There are 2 protein chains.
Amino acid sequence: MRVFDASQAARDRVLDDVAGRLADLKGVGLIDDADAILSRVEVCDDMAAVIEGAKYVQESVPERVPLKQEVSRQISELLGPETVVGSSTSGIPASAFTEDLQNRDRFLVAHPVNPPYLVPVVEVAPAPWTDPASVETAMTVMRDVGQSPILVRREIEGFILNRLQGVLLREAWALLEEGYASADDIDKTVREGLGLRWSFIGPFETIDLNAPGGVREYAEVLGPLYHSIDASRSDPEPWSEALIAKAEAEMRAKIPAEGLEERRNWRDRRLMALAAHKKSQER
Amino acid sequence: MRVFDASQAARDRVLDDVAGRLADLKGVGLIDDADAILSRVEVCDDMAAVIEGAKYVQESVPERVPLKQEVSRQISELLGPETVVGSSTSGIPASAFTEDLQNRDRFLVAHPVNPPYLVPVVEVAPAPWTDPASVETAMTVMRDVGQSPILVRREIEGFILNRLQGVLLREAWALLEEGYASADDIDKTVREGLGLRWSFIGPFETIDLNAPGGVREYAEVLGPLYHSIDASRSDPEPWSEALIAKAEAEMRAKIPAEGLEERRNWRDRRLMALAAHKKSQER
């Protein structure tokens with residue numbers, strides 16, 4: 001695996017960063033031989049070297065359309081005849097930055113979730129002009145490196161993951177705004193309730209197992225309740241300044257701003273332990 | 001703890017059922033002394049005996065308003081002056097079946113999630129006339145038995161948990177209906193992505209940790225994207241027969257109807273292992 005970054009400082013950090021994370025993964029038993037993995041990572045000093053002969057390129061520049069356009073153009077000109085390019089973006093469709101490329105049939109979105117080495121899902125989202133063979137290559141590469149790719153069959157704002165997160169967040173913010181529950185009680189409803197099943201079966205399988213007759217019976221019995229809930233939120237408002245301030249006050253009372261970085265490290269340790277737990281269950 | 005059911009057959013099963021689940025819990029190290037716990041469970045042959053002298057009564061009859069009204073009236077007439085009554089319901093507000101009771105200030109909803117001994121959250125939702133002291137009793141009892149109660153401050157359809165589940169399901173069904181992804185890929189987006197963090201931090205803490213400046217920065221940067229996603233779903237449709245059939249076909253291709261019961265047992269074993277994992281992390 002070859003890595004390139006336009007910043008020399010970033011390039012200088014890569015191997016140390018990777019070595020640190022490999023040590024963590026080894027610590028929880030998720031990998032055996034950290035050195036063997038590290039020896040496969042090569043940092044390159046220019047973009048041509050990183051792309052030459054590659055089967056697959058993952059582009060991960062910041063999420064600004066003009067920048068994605070410019071970097072995709074540079075990659076396009078260096079691209080061999082078989083190479084496929086996936087872009088790390090949680091919100092910009094591939095059609096927004098690949099339309100004018102000569103080999104645009106080999107560009108698509110491959111949206112990983114942070115941190116990708118602990119969260120397996122990758123959303124593979126082709127543009128209308130992406131070759132199905134390029135999609136297949138991206139899906140296969142992702143499976144081969146141990147990720148769990150899903151296929152977003154047509155472009156849609158927010159892809160799948162952020163749409164699902166977005167609608168849940170919207171309801172969470174609305175319940176907070178209207179005073180039905182505190183932010184922490186809403187969080188608790190998920191972390192001590194809904195989120196448990198969702199960490200190993202998704203929303204469809206959850207309801208499929210929640211009625212004797214499966215998803216059909218569940219939908220027939222509970223559909224009217226859910227439709228009524230949905231209909232009560234038919235006029236979405238943007239999150240207001242007052243509402244953001246309310247959430248911020250509650251979150252900062254729980255963890256002050258200066259504690260966020262340590263809490264992020266704790267989250268990553270928990271994600272790593274959860275990954276090890278899930279692996280032990282799936283054996 | 002005392003238990004009563006109107007059905008003799010149900011009463012005859014209670015101790016065996018509890019013993020079986022205690023054995024499972026002991027198997028994964030979640031409890032030490034199953035016999036000591038079992039010896040505290042007493043099955044009563046009439047409702048008066050189960051209520052007499054109790055600090056707290058959990059009523060768990062099926063979710064039909066007339067039945068809840070009738071059983072609540074029976075409980076009300078047997079209730080000592082200090083006893084609080086919580087009703088297991090995922091959808092019926094306490095005001096729908098307690099309005100005419102003489103001691104309605106001691107009735108509320110306490111909504112557990114199946115299976116309650118593996119999913120800690122309990123939604124405590126008072127009616128407008130519930131005494132705050134009764135709410136406090138219910139919250140304390142739930143904490144004392146190892147559950148995680150949350151307070152639903154005012155009555156709302158679906159309480160918190162099913163509202164959050166409902167909006168995510170609605171988007172999942174819509175994405176399936178419009179062909180953006182398969183049901184299994186939507187499930188995978190949650191079980192290999194969103195659901196991992198949500199199993200130990202909720203939606204607010206997730207976004208609070210996902211921007212350097214916390215929830216405020218996240219909301220300011222990503223609010224417009226989420227509002228745009230929400231606005232694209234402003235006219236909810238009921239789940240159609242054709243859509244239910246589509247989901248059912250995919251789910252039954254994965255697990256046939258005759259395999260659902262075994263899959264539910266697998267889910268409960270996974271939930272139990274996850275509970276043991278979370279306990280080990282929280283030490």
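Residues numbered from 1 in each chain as written. Chains lettered and ligands numbered in written order. Predicted model: local features only at pLDDT ≥ 70, side-chain atom pairs only at ≥ 80, totals over all residues. Heavy atoms only, no water.

Caption draft 1: Structural context of the domain arrangement of chain A. Residue and element names in this part refer to chain A. In terms of domains, chain A is made up of domain 1 (46-151) and domain 2 (161-282). With nine residues of domain 1 at the interface, the matching set in domain 2 holds five residues. Overall, the association of domain 1 and domain 2 removes approximately 570 Å² of surface from exposure, summing both partners, and the carbon and sulfur fraction of that is 69%. Sorting the residues of domain 1 by area buried against domain 2 places Pro-115, Leu-118 and Glu-123 first, and these three jointly supply 61% of that buried surface. Taken together, the connections running from domain 1 to domain 2 amount to one residue pair in polar contact (both at pLDDT 80 or more). Looking at side-chain class alone, the side of domain 1 that touches domain 2 contains six nonpolar, two polar and one charged residues. (Domains from an automatic or database assignment. Contact = heavy atoms within 4.5 Å. Buried area = accessible area lost by both parts, 1.4 Å probe. Polar contact = N/O pair within 3.5 Å; in protein donor to acceptor, adjacent residues only side chain to side chain. Nonpolar A, V, L, I, M, F, W, Y, C, P; charged D, E, K, R; others polar.)

Caption draft 2: How the structure looks around the packing of helix 10 (residues 214-231) of chain A against helix 7 (residues 161-177) of chain B. The interhelical angle for the contact between helix 10 of chain A and helix 7 of chain B, taken along N-to-C directions, is 110°, at an axis separation of 10 Å. As far as their axial angle goes, helix 7 of chain B and helix 10 of chain A are roughly perpendicular. Across the interface between the two elements, Val-215, Tyr-218, Ala-219, Tyr-226, Ile-229 and Asp-230 of chain A of helix 10 of chain A pack against Asn-162, Arg-163, Gln-165, Gly-166, Val-167, Leu-169, Arg-170 and Trp-173 of chain B of helix 7 of chain B. For the contact of helix 10 of chain A with helix 7 of chain B, a count of residues per class yields eight nonpolar, three polar and three charged. (Axes fitted to C-alpha atoms, helices over the stretch in contact; angles between N-to-C directions. Helix = DSSP H or I, 4+ residues; strand = E, 2+ residues; numbered from the N terminus. Parallel < 35°, antiparallel > 145°, perpendicular 65-115°, else oblique.)

Caption draft 3: Here's a closer look at the interface of chain A and chain B. Contacts between the two partners involve 110 residues from chain A, matched on the other side by 110 residues from chain B. For the pairing of chain A and chain B, the buried interface totals around 11,100 Å² over both sides, and the portion due to carbon and sulfur atoms is 64%. Among the residues chain A hides against chain B, the three largest losses belong to Tyr-180, Phe-204 and Arg-270 of chain A. Together they make up 8% of the total. With a shortest N-O distance of 3.8 Å, Arg-270 of chain A and Glu-282 of chain B are connected by a salt bridge. (Salt bridge = Lys/Arg side-chain N within 4 Å of Asp/Glu carboxyl O.)

Caption draft 4: Geometry of the packing of helix 7 (residues 161-177) of chain A against helix 8 (residues 183-198) of chain A. Residues and elements named next belong to chain A. Between helix 7 and helix 8, the least distance of the axes is 10 Å, while the angle of their chain directions is 150°. Taken together, helix 7 and helix 8 sit at an angle that is classed as roughly antiparallel. Judged by the sense of rotation from one axis to the other, the crossing of helix 7 with helix 8 is right-handed. Taking contact as the criterion, the partners of Leu-168, Ala-172, Leu-175 and Leu-176 in helix 7 are, on helix 8, Ala-183, Ile-186 and Trp-198. Its residues placed into classes, the contact of helix 7 with helix 8 shows seven nonpolar, no polar and no charged. (Left-handed = near helix turned anticlockwise from the far one by under 90°.)

Caption draft 5: Seen up close, the nonpolar core. Membership of the largest hydrophobic core comes to 122 residues, with the highest contact counts inside it found for Trp-173 of chain A together with Trp-173 of chain B. If sequence neighbours within four positions are ignored, Trp-173 of chain B has contacts with Phe-204, Ile-207, Val-215 and Ala-219 of chain A together with Trp-239, Leu-243, Ile-244 and Ala-247 of chain B. (Core = buried A, V, L, I, M, F, W, Y, C linked by side-chain atoms within 4.5 Å. Buried < 20%, exposed > 50% of the residue type's maximum accessible area, 1.4 Å probe, protein only.)

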